[in-house]
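Examination of the molecular architecture
Given next are the chains, with one letter for each unit.
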Amino acid sequence: MTEQPIELAQRLKSLPPYLFAKLDELKQAEIAKGVDVIALGVGDPDEPTPNNILEAMHRAVDRPANHQYPSYEGMPRFREAVAQWYQTRFGVALDPAREVLSLIGSKEGIGHIPLAFVNPGEVVLVPDPGYPVYEISTFLAGGEPYFMPLTRENKFLPDLQAIPQAIRERARLMFLNYPNNPTAATAPQPFFEEVVRFARDNGIIVCHDAAYTEMYFDGQRPMSFLEVAGARDVGVEFHSLSKTYNMTGWRVGFVVGAAPVVQGLGKLKSNLDSGIFQAIQEAGIEAMTGNQSAVARMRALYQERRDTLVAGLRDAGLRCDTPEATFYVWVDVPDGYTSASFSEFLLTQAGIAATPGNGFGQAGESYIRFALTVPRQRLSEAADRIRKALSR
Ligand SMILES: *Cc1c(COP(=O)(O)O)cnc(C)c1O
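Nothing here was measured: the structure is a model prediction, and the numbers come from that model. (Residues numbered from 1 in each chain as written. Predicted model: local features only at pLDDT ≥ 70, side-chain atom pairs only at ≥ 80, totals over all residues. Heavy atoms only, no water.)

1. Description of the domain arrangement of the protein
Looking at the protein, the domain boundaries give domain 1 (10–48 + 293–390) and domain 2 (51–289). Relative to domain 2, the C-alpha centre of domain 1 lies at a distance of 25 Å. Taken together, the 33 residues of domain 1 in the interface contact 31 residues of domain 2. In total, about 3000 Å² of surface goes out of reach between domain 1 and domain 2, with carbon and sulfur atoms giving 59% of it. Three residues stand out in domain 1 for area buried against domain 2, namely Arg299, Glu324 and Thr326, and they jointly supply 20% of the buried area on that side. Taken together, the connections running from domain 1 to domain 2 amount to 3 salt bridges. The salt bridge involving arginine 152 is made with aspartate 321; its shortest N-O contact spans 3.4 Å. At the junction of domain 1 with domain 2, the criterion picks out 15 residue pairs in polar contact (both at pLDDT 80 or more). Contributions of two or more residues to the side of domain 1 that touches domain 2 are made by helix 13 (293–315), strand 9 (328–332) and strand 12 (367–371). (Domains from an automatic or database assignment. Contact = heavy atoms within 4.5 Å. Buried area = accessible area lost by both parts, 1.4 Å probe. Salt bridge = Lys/Arg side-chain N within 4 Å of Asp/Glu carboxyl O. Polar contact = N/O pair within 3.5 Å; in protein donor to acceptor, adjacent residues only side chain to side chain. Helix = DSSP H or I, 4+ residues; strand = E, 2+ residues; numbered from the N terminus.)

Here it is as structure tokens:
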């Protein structure tokens, strides 16, 4: 019998290559050699989910009603908890029935929304550097990404005026993400106001990814896009319990805002998935409505780590801005290196895994991203190793 060649569909074949594959290989090789690699590559909280949330999960798992299919759009009590959380945190009033939808992690919603609103050949405005899912989900829907460069000169905010008229006419969606991964930049209110005008003038749906609004420093609380007048007419905000409550493994998030957009995504999803396990939704309700002291504790912890790493990197002669939010530090690659060659240098000469900036898009070239998701003494050791490697 001859073997059938198994071919991937064109839409998968045409995806950009996975840039981190070579680095993953190098990392595994270093570990195999016995090197104690300090992993600052992936942004996955290292602390456990808070106890009050675990206890809610234990109770919820025992209830047979939770063992059946969940409601597709999220249990009413889950959506009410989201609305209450938005009211308390941002002063934004949401109708839980029409303006809130549960997601199996925010990545799921971000990955699916172009399928609901973008026709083949239409344009999606995508920040560069950016969370890779914005570009990939655009491709999978047959859309065309148009990259908006985020540069230090522009405080890592896209220059909307620089987007050509022909692109504006073909654009259906715009992805934004503040506080920003990977640059750690935050957005001031006037920028969000400009986004609302731009979206209204050009008939574009704004998809704001707000995964990091609770990971902020020095008491500077980032705002929600929906706090801006008119925002709810032009867009939605994606949110996640992953980073705020150390729940990356649980897969629970939500989208809120313009009812037709929320409902359009809901219509798509009702044809693809069947919602989130209700016990996890119960745990999510406890996360959002219960005691919030663990979130404050995590902020303090990340802030200490930030201060340690930023001071250590500067000591080693590297340049970076002090992050105001997120758990990333976006660092300039020193002269003579590219982001790829510097990450290779860090791995092989200092035993440190970090993410090369070009993995987030072309405008990330000459940057490298460190995640603050290891204990403080590991960060100070990492900075120490970098200083020594660079002075050899
Ligand atoms: C981590 C992250 C997400 C995904 O969060 P999940 O809710 O776990 O899917 C979305 N956007 C950005 C920018 C992230 O860094």
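Continuing now.
2. Section: helix 8 (residues 189–202)
Relative to the 20 Å expected for 14 residues at 1.5 Å per residue, helix 8 spans 20 Å between its end C-alpha atoms, a close match to the ideal helical length. Listed in full, the buried residues belonging to helix 8 are Phe191, Phe192, Val195, Val196, Phe198, Ala199 and Asn202. Within helix 8, the buried residues cover an arc of 170° as seen down the axis, which keeps them to one side. The exposed residues of helix 8 that point more than 90 degrees off its buried face are Pro190, Arg200 and Asp201. Buried residues belonging to helix 8 abut strand 3 (123–128), helix 7 (165–170), strand 5 (171–177), strand 6 (205–209) and helix 9 (231–234). (Expected span 1.5 Å × (residues − 1). Buried < 20%, exposed > 50% of the residue type's maximum accessible area, 1.4 Å probe, protein only. Arc of directions from axis to C-beta.)

3. Considering the side chain of asparagine 177
Mapped onto the elements of the fold, asparagine 177 is located in strand 5. A polar contact of 3.0 Å, which involves the side chain of asparagine 177, links it to the backbone nitrogen of asparagine 181.

4. Concerning the site of the ligand
Around the ligand, the structure places 13 residues, and the nearest of them are Asp209, Tyr212, Ser240, Ser242 and Lys243. Serine 106 is positioned such that a nitrogen or oxygen atom in its backbone is 2.7 Å from an oxygen atom of the ligand. One of the side-chain nitrogen or oxygen atoms of serine 240 is found 2.6 Å away from an oxygen atom of the ligand. For the ligand, whose accessible area on its own is 390 Å², the fraction buried by protein is 94%. Secondary structure elements with two or more residues in the shell around the ligand: helix 5 (106–117) and helix 10 (241–244). Partitioning the shell around the ligand into residue classes produces 3 nonpolar, 6 polar and 4 charged. (Near = heavy atom within 4 Å. Areas by Shrake-Rupley, 256 points an atom, 1.4 Å probe, with all protein chains shown as cover. Nonpolar A, V, L, I, M, F, W, Y, C, P; charged D, E, K, R; others polar.)

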